[in-house]
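Structural description and commentary
Listed here are the chains, written in short residue letters.
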Amino acid sequence: MPERRNRIIEEIARNKLVEKIIKKIGRYEDETNLQDLAQDIYVELLFTDEALLNKLYDNSQLNYYITRIVKNNIISKTSNYYYKYKKQKFEELNDERID
């Protein structure tokens, strides 16, 4: 069964689905950070429950699922992406204003 998960994720990677979705949603974000976000999402997909991943794939809902993950990471102030990249950038901008 894990082979199927790997094949699904390999197909996603080959088609650059995650990167395409990120490029569309994160067009105003720093490109370097978005490359890291893509890697984080691939890791998240690897740890997604296999039954859920198979069901999403079989029902052609994987695109929507990945879109949700990307949106949540870019928009949410509680996401790992926010804490890794955006919060630091906002703090740097605030420090510049104070100086």
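Reference entry: report on the structure contained in this document. (Residues numbered from 1 in each chain as written. Predicted model: local features only at pLDDT ≥ 70, side-chain atom pairs only at ≥ 80, totals over all residues. Heavy atoms only, no water.)

1. Some points on the nonpolar core
With 21 residues, the main nonpolar core has Ile12, Val18, Ile22, Ile41, Leu45 and Ile66 as its most contacted residues. Going through the elements one at a time, helix 1 (2–14), helix 2 (17–25), helix 3 (31–46), helix 4 (50–58), helix 5 (62–75) and helix 6 (80–98) are the ones with two or more residues in this core. In terms of residue count, the dominant contributor to this core is helix 3 (6 residues). Discounting chain neighbours no more than four positions away, the residues touching Ile66 are Ile12, Leu17, Val18, Ile21 and Leu45. (Core = buried A, V, L, I, M, F, W, Y, C linked by side-chain atoms within 4.5 Å. Buried < 20%, exposed > 50% of the residue type's maximum accessible area, 1.4 Å probe, protein only. Helix = DSSP H or I, 4+ residues; strand = E, 2+ residues; numbered from the N terminus. Contact = heavy atoms within 4.5 Å.)

2. Notes on helix 4
Restricting attention to buried positions, one finds in helix 4 the residues Glu50, Leu53, Asn54 and Leu56. What you see down the axis of helix 4 is that its buried residues fit within an arc of 165°, all on one side. Pointing more than 90 degrees away from the buried face of helix 4 are the exposed residues Ala51 and Lys55. Tucked into the core, helix 4 has its buried residues touching helix 1, helix 3 and helix 5. (Arc of directions from axis to C-beta.)

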